Amino acid sequence: GVQMLLMPKKMHEDHFKTPSSTMIEFWIRGHAATIFACSYALISLPVELAYKISMALVAGISATYPYNAKFNLLGKYEPKYPMHYVPEVLMATLITIGALAK
């Protein structure tokens, strides 16, 4: 969330071959508020509910961000490798650890 708010251009240009734009940075910064709100909610909710929301959130973010870019699920993207492996591995790890923690 902090990176999205403070350095949206760097986040985009580290992970994609296309240059950043004012509109891309606008959307990235806006998503920071979602991340902050979800983080606060997850530490405030009962553990069982927070677990379910976390797993759904990680699965949704995985599908719409790194794997969408990797497999062009919802459009045509040009991720930059090797940097784009970071969110791909991170999301797979979070899903695996979350599943094992249950």
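In case you missed it, the structure is sitting above this.
Here is what the cut-offs are and how they apply
Residues numbered from 1 in each chain as written. Predicted model: local features only at pLDDT ≥ 70, side-chain atom pairs only at ≥ 80, totals over all residues. Heavy atoms only, no water. Helix = DSSP H or I, 4+ residues; strand = E, 2+ residues; numbered from the N terminus. Contact = heavy atoms within 4.5 Å. Axes fitted to C-alpha atoms, helices over the stretch in contact; angles between N-to-C directions. Parallel < 35°, antiparallel > 145°, perpendicular 65-115°, else oblique. Left-handed = near helix turned anticlockwise from the far one by under 90°. Salt bridge = Lys/Arg side-chain N within 4 Å of Asp/Glu carboxyl O. Buried < 20%, exposed > 50% of the residue type's maximum accessible area, 1.4 Å probe, protein only. Polar contact = N/O pair within 3.5 Å; in protein donor to acceptor, adjacent residues only side chain to side chain. Arc of directions from axis to C-beta.

Undergrad: Where do I start with the overall build of the chain in this structure?
TA: Within the chain, the regular secondary structure consists of six helices and zero strands. The linear arrangement of helices and strands in the chain, starting from the amino end, is α-α-α-α-α-α. If you line up the chain on its principal axes, its C-alpha atoms span 40 × 25 × 20 Å. Counting contacts in the chain only where the partners sit at least 6 residues apart, residues at least 24 apart contribute 57% of the total.

Undergrad: What is the right way to read the packing of helix 4 (residues 47-64) against helix 6 (residues 85-101) from this model?
TA: Helix packing geometry: the angle between the two helix axes and the distance between the axes. Put simply, helix 4 and helix 6 touch, their axes get as near as 10 Å, and they point 155° apart. It follows from the interaxial angle that helix 4 and helix 6 lie roughly antiparallel. As helix 4 packs across helix 6, the resulting crossing turns out to be left-handed. Mapping the contact onto sequence places Tyr51, Met55, Val58, Ala59, Ile61 and Ser62 in helix 4 and Met91, Leu94, Ile95, Gly98 and Ala99 in helix 6.

Undergrad: In this structure, what is going on with the pattern of salt bridges? I would like to understand it.
TA: Two side chains bearing opposite charge may form a pair once their charged atoms approach each other closely. Applying the stated rule across the entire model yields two salt bridges. In this structure, Asp14 and Lys10 form a salt bridge, with 2.7 Å as the shortest nitrogen-oxygen distance. Pair noted here: Asp14 and Lys10 are both in helix 2 (residues 8-15), with a separation of four residues, about one helical turn. The class for Lys10 is partly exposed, based on a relative accessible area of 45%.

Undergrad: Please clarify how the side chain of His15 should be interpreted in this entry.
TA: Note that His15 resides in helix 2. The exposure class of His15 is buried, given its relative accessible area of 15%.

Undergrad: What is the right way to look at the environment of Tyr51 in this model?
TA: The topology assignment puts Tyr51 in helix 4. Engagement of the side chain of Tyr51 in a polar contact is seen with the backbone oxygen of Gly98, the distance being 2.8 Å.

Undergrad: Explain unusual backbone geometry here, please?
TA: A negative phi angle characterises most non-glycine residues, just as the trans form characterises most peptide bonds. The amide bond that connects Tyr81 to the next residue, Pro82, takes the cis arrangement and shows omega of 15°. Mapped onto the fold, Pro82 is located in the loop between helix 5 (66-71) and helix 6. You will see that Asn72, though not glycine, has its phi angle at about 50°, which is positive. Here Asn72 shows up in the loop between helix 5 and helix 6. Its relative accessible area of 29% is what places Asn72 among the partly exposed residues.

Undergrad: Got a minute to help me understand helix 2 in this structure?
TA: Since the α-helix packs 3.6 residues into each turn, any two residues three or four apart lie on the same face. Listing the buried residues of helix 2 in full gives Pro8, His12 and His15. Mapping the buried residues of helix 2 onto a view down its axis gives an arc of 80°, with all of them on the same face.

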